[in-house]
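Now for the letters of each chain:
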Amino acid sequence: TLGESGGPITHDMNGPEIYATIFTIAPSHFDVNTIWTGSDDGLVQVTRDGGRTWKDVTPTGLPHFARISLIEASPHKPGTAYVAAKCYQLDDRAPYIYRTDDYGRTWTKIVTGIRADDYVHAVREDVKRAGLLYAGTEHGIYVSWDDGAHWQSLSLNLPDVQVPDIAVEDRDLVIATHGRSMYVLDDISALRQMTPQSVSSPLYVYQPRNVRRGLDQATFLYDLAAAADSLSIQVLDAKGAVIRTFSAGAPAQPGAEEDNPFRRGRAARPTAKAGLNRFTWDMRYPDATSFPGMILWGGSVSGPVAPPGRYTVRITAAGVTQSRDFEISRDPRNTQVTDADLQRQFTLAMQIRDKVSAANDAVVRIRRIRKDVTDRSASAKDGEVTAAATTLNGKFSALEEDLYQVRNRSGQDPLNFPIKLNNRLAALMSSVDRGDAPPTDASYKVFTELSADLDVQLRRLATLVSQDLASFNRLLKSHQMESITP
């Protein structure tokens, strides 16, 4: 096809009509001397001696002047390659993909399942699973689990868009589009593990990928043959202790941390629909107790990040329970800390979290008692009860104000009103849990001081309950009124 274009009256040599342009090059993953090329005038050629000689191995049946859009040299088998070609400029919008397993001596057309008018721009083989193919077409992306024998759409939530190229990464699938940005299908481990058995089982849990602190989140993928009425996901530590429980459908068991109305930042509930489901754990332990309207300055009630180690996800649905182990590791770029350092960070953060919970639990308890005292006073309509209730609530209010800054109404109010004990603890927890580093000596010292301060306030609360509230309950009893449960 190298020659003068146009004619016979006049020639047209301004460039677009000149063929014989090598459009795609695919070096072998196994042999430096093996290179595949495809051109825009419909030729596929291969060299196996570093380019000294070339052989025309164009697939039989490929239309003349088809543009060889992309050749993919298999990352798994030396003699295998895939060709994507298109002829839409010749008024042929059919898909063309071919596979060879013998360096181009024979080819097999592999387009079953691709729409008849959806021509193909790119074909790629998965880097982890041989025979798992992806095809980028004019109207989306397709996947094949059987080396191209059958295809089905993988477009999911994509718009109707051209996919001219595909990159298969270690963990993810990345596509380019024409004028509609780039997209990532993150964590394709389910695609790599999927089998007829996995999609037909009542429940099948795919092996999670190992995750790195600060870089990933723990993603759990599972297939359900039919929608489940209820489903639970539990994350366990290396000793088999349950860290978190997440539920879908039926309510979680009493006492599960998701049922606590004073937990903040609860994870989204998992899904239990038929087909592939995905749930992400942020790798945090349960949050500290919170309460409605709480405003903190520079503090957090978020649970600590899990330290490096071995973990298990256990999923139960449709009468089936399956477990898979996975690992959490530190960021490999962080060479200044050890796993032991991060374990120390986690241990202290958990201790602080429990103190934050204790402070906030005390506030919740105080508010409930004060409400009950106020209700009894209103019901009694007695001057003696009212006076005693006012005195008692005043003592509880004073204690609450030492635990929490009750004047806060907005996120900026702590600029005007000093933070109290629960906020100081929460700020320390946020400081200790931030980043990947061992706690400082100052963190331990501050924790010791704040813990001692909290113990003082908790003893005050215990005294108020055992003495002052008990006295008020005796007064209520003398008026034939129900006492207050402390």
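Residues numbered from 1 in each chain as written. Predicted model: local features only at pLDDT ≥ 70, side-chain atom pairs only at ≥ 80, totals over all residues. Heavy atoms only, no water.

What to know about the nonpolar core
If you look at the biggest cluster of nonpolar residues, it comprises 41 residues, and the most contacted ones within it are Ile352, Val356, Val373, Phe396, Leu403, Leu461 and Phe472. Setting aside residues up to four positions removed in sequence, Val373 forms contacts with Ala389, Leu392, Asn393, Phe472 and Ile484. Formed by 28 residues, the second largest nonpolar core is a distinct cluster that contains Leu224, Leu231, Ile315 and Met350. (Core = buried A, V, L, I, M, F, W, Y, C linked by side-chain atoms within 4.5 Å. Buried < 20%, exposed > 50% of the residue type's maximum accessible area, 1.4 Å probe, protein only. Contact = heavy atoms within 4.5 Å.)

Side note on the side chain of Thr80
Relative to the assigned elements, Thr80 resides in the loop between strand 5 (67-73) and strand 6 (81-87). For Thr80, the contacting residues outside a window of four places in its chain are Glu72, Ala73, Ser74, Arg99, Thr100 and Asp101. (Helix = DSSP H or I, 4+ residues; strand = E, 2+ residues; numbered from the N terminus.)

Topic: the packing of helix 3 (residues 339-380) against helix 4 (residues 383-403)
Following both chains from N to C, one finds helix 3 and helix 4 inclined at 165°, their axes separated by 10 Å at the closest point. Here helix 3 is positioned roughly antiparallel relative to helix 4, judged by the angle of their axes. Here helix 3 runs over helix 4; the crossing is left-handed. Every residue of helix 4 that contacts helix 3 at Ala359, Ala362, Val363, Ile366, Arg367, Ile369, Arg370, Val373, Thr374, Arg376, Ser377 and Ala380 is listed here: Val385, Thr386, Ala389, Leu392, Asn393, Phe396, Ser397, Leu399, Glu400 and Leu403. Considering only residue class, the contact of helix 3 with helix 4 consists of 13 nonpolar, 5 polar and 4 charged. (Axes fitted to C-alpha atoms, helices over the stretch in contact; angles between N-to-C directions. Parallel < 35°, antiparallel > 145°, perpendicular 65-115°, else oblique. Left-handed = near helix turned anticlockwise from the far one by under 90°. Nonpolar A, V, L, I, M, F, W, Y, C, P; charged D, E, K, R; others polar.)

Quick notes on the pairing of strand 7 (residues 92-100)
Here 6 bridges tie strand 6 to strand 7, and the two strands are oriented antiparallel to one another. Within strand 7, the position partnered with Ala81 by the bridge is Thr100. Connecting strand 6 to the next strand, strand 7, in antiparallel fashion are 4 residues, including Asp91 with a positive phi near 65°. For strand 7 and strand 8 (residues 108-109), the ladder comprises 2 bridges, and the chain directions are antiparallel. Considered in strand 8, the bridge of Arg99 is made with Thr108. (Pairing = 2+ DSSP bridges.)

Structural notes on the confidence of the model for the chain
Within the chain, residue pLDDT values average 93, and 95% of them lie at 70 or more. Throughout residues 251-266 the model reports pLDDT below 50, and contacts reaching past four residues in sequence, or to other chains, amount to 29 contacts. (pLDDT = per-residue confidence, 0-100.)

As for the sheet that holds strand 15 (residues 182-185)
Taken together, 3 strands build an open sheet; the order of strands is 13-14-15 and the sheet is antiparallel. The strands lining the two open edges of the sheet, one partner per strand, are strand 13 (165-168) and strand 15. Within this sheet the neighbouring strands show an average axis-to-axis angle of 20°, counted without direction. Of the pairings in the sheet, the one linking strand 14 (residues 173-176) to strand 15 comprises 4 bridges and is antiparallel in character. Among the inter-strand pairings, Ile175 is bridged to a residue of strand 15, identified as Tyr183.

Topic: the pairing of strand 18 (residues 218-224)
Of all 7 residues making up strand 18, 7 are buried, and the element is well covered by its neighbours. Residues Ala218, Phe220, Tyr222 and Leu224 line one face of strand 18 and the alternating positions Thr219, Leu221 and Asp223 line the opposite face, and both faces are buried. Relative to strand 18, strand 16 (residues 203-205) runs antiparallel, the two being bridged by 3 bridges. Bridge pairing in strand 18 places Tyr204 opposite Asp223. Across 7 bridges, strand 18 lies against strand 21 (residues 275-281) in antiparallel orientation. When the sheet's bridge partners are listed, Ala218 is paired in strand 21 with Trp281.

Some words on helix 3
The end-to-end C-alpha distance of helix 3, which contains 42 residues, comes to 61 Å, matching closely the 62 Å that a straight helix rising 1.5 Å per residue would cover. Where helix 3 ends, the next residue or the one after it, Lys381, has phi of about 50°, a positive value. (Expected span 1.5 Å × (residues − 1).)

Remarks on the pattern of salt bridges
By the definition in use, this model includes 28 salt bridges. The closest approach of N and O atoms between Arg124 and Glu72, which form a salt bridge, is 2.9 Å. Here Arg124, found in strand 9 (residues 120-125), pairs with Glu72, found in strand 5; they are 52 residues apart in sequence, far enough to count as distant. Accessibility classification places Arg124 together with Glu72 in one group, the buried group. (Salt bridge = Lys/Arg side-chain N within 4 Å of Asp/Glu carboxyl O.)

Let's talk about the packing of aromatic side chains
Each pair of aromatic rings is reported with the distance of its centres and the angle of its planes. One pass over the structure, following the stated rule, counts 9 aromatic pairs. For the ring pair Trp36 and Trp107, a centre distance of 6.3 Å and an interplane angle of 75° mean the geometry is edge-to-face. Here the residue Trp36 occupies a position in strand 2 (residues 35-39), and Trp107 occupies one in the loop between strand 7 and strand 8, the gap between them amounting to 71 residues. Among the residues examined, Trp36 registers a relative accessible area of 1% and is labelled buried. Site record: aromatic cluster; members linked through ring pairs are Phe220, Trp281, Tyr311 and Phe326. The residue whose ring lies beneath Arg48 is Tyr103, and the NZ or CZ to ring-centre distance is 3.5 Å. (Phe/Tyr/Trp six-rings, centres within 6.5 Å; stacked < 30°, edge-to-face > 60°. Lys NZ or Arg CZ within 6 Å of the ring centre and 35° of its normal.)

Concerning the packing of helix 3 against helix 5 (residues 421-433)
In the contact formed by helix 3 and helix 5, the axes pass within 9 Å of each other and the chain directions differ by 160°. Between helix 3 and helix 5, the crossing angle belongs to the class labelled roughly antiparallel. Seen from above, helix 3 lies across helix 5 with left-handed handedness. On helix 5, the residues touching Gln345, Leu348, Ala349, Ile352, Arg353, Lys355, Val356, Ala359 and Asn360 of helix 3 are Asn422, Leu425, Ala426, Leu428, Met429, Val432 and Asp433. Taken together, the residues of the contact of helix 3 with helix 5 break down into 10 nonpolar, 3 polar and 3 charged.

Let's talk about helix 4
Taking 1.5 Å per residue, 21 residues should reach 30 Å; helix 4 reaches 30 Å between its end C-alpha atoms and fits that length. Regarding helix 4, the residues found buried are Val385, Ala389, Leu392, Asn393, Phe396, Ser397, Leu399, Glu400 and Leu403. Considered in projection along helix 4, the buried side chains sweep an arc of 160° and stay on one side of the axis. Set apart from the buried face of helix 4 by more than 90 degrees, the exposed residues are Gly383 and Thr390. Those residues of helix 4 hidden inside the fold are in contact with helix 3, helix 5 and helix 6 (441-478). (Arc of directions from axis to C-beta.)

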